[in-house]
Amino acid sequence: EAPAPPQGSSRLYLSRRRFSRRYFERVVANEVDMEAAFRARGFKVVYPETLRMEDQVALYAHAEVTAGISGSGLHNSLFMRPDALVIELGDPRYDGAPAPTQALCNRISGVRPAFIPFTGRRFGRRGTMLFDIAFLRERLDAVLQGKDPFGGKDGGPSDAGRSAGPLARIGRLLEVCYLCVRPWAGALALQALGRLRGSG
């Protein structure tokens, strides 16, 4: 029996924010700002690890557009309808190219792929990422308008006028700062602990 259609938007953004905040793996320090950019364009932000598998399948099966960073979450495009749109946000590990596994999933499912390469900064031993949000908005608008699915220069309108209130902006800034500093501080703490054990 097919899962019931979910409530809400037919556009989904698969966020790693809660997972990264808990495990500090492939941290995108400013994903809170990425979520805001997608919400401004009618996307529902989804945290797949918080949902039952059957609920995830229902979301993907009824989605017209699904977006996310290269990785296992986006591989669920296998459950999407043919001709639905999948927007892959590039992972710097793949040097500006789509992930090979994602390309395979796209071919199997028959979805329409779009790719927005990673542009921003990557730093620290854990490879913490900071996406260029202005570039992301520009590329996302172009993809949604059907102008350029693979990273050209025809941008769309900005969502700068839809920014959150001052308290929300402060909260987002604090989160970005914390996620930038936490992996670096953790690495330093582990090094110090190793030296203490070595000298003990």
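Structure's up top.
None of these values were measured; they are calculated from a predicted model. (Residues numbered from 1 in each chain as written. Predicted model: local features only at pLDDT ≥ 70, side-chain atom pairs only at ≥ 80, totals over all residues. Heavy atoms only, no water.)

**Student:** Would you mind showing me how to read the pairing of strand β7 (residues 128-131) here?
**Tutor:** Within a regular strand, the side chains alternate between the two sheet faces. By the alternation rule, side chains of β7 split into T128 and L130 and M129 and F131, which are all buried. Looking at chain direction, strand β6 (residues 120-123) and β7 are connected through four bridges and run antiparallel. Across the sheet, residue F123 finds its bridge partner in β7, namely T128. With antiparallel pairing between neighbouring strands as the criterion, β6 and β7 make up a hairpin whose turn holds four residues, including G124 at a positive phi of roughly 80 degrees. (Buried < 20%, exposed > 50% of the residue type's maximum accessible area, 1.4 Å probe, protein only. Helix = DSSP H or I, 4+ residues; strand = E, 2+ residues; numbered from the N terminus. Pairing = 2+ DSSP bridges.)

**Student:** In this structure, what is going on with the nonpolar core? I would like to understand it.
**Tutor:** Ranked by size, the top nonpolar core spans 23 residues in total, and within it Y13, M34, F38, I87, L89, I116 and F131 carry the most contacts. Per element, the largest residue contribution to this core is five residues, and it comes from helix α5 (residues 133-144). (Core = buried A, V, L, I, M, F, W, Y, C linked by side-chain atoms within 4.5 Å.)

**Student:** Please clarify how the pattern of salt bridges should be interpreted in this entry.
**Tutor:** Any two side chains of opposite charge can pair, so long as their charged atoms come close to each other. Applying the stated criterion to the full structure yields seven salt bridges. Linking E35 and R17 is a salt bridge whose minimum nitrogen-to-oxygen distance equals 2.8 Å. Highlighted residues: E35 in helix α2 (residues 31-39) and R17 in helix α1 (residues 17-23), separated in sequence by 18 residues. Exposure class is identical for E35 and R17. Each is buried. Across the pair R52 and E54 runs a salt bridge whose closest N-O atoms are separated by 3.2 Å. (Salt bridge = Lys/Arg side-chain N within 4 Å of Asp/Glu carboxyl O.)

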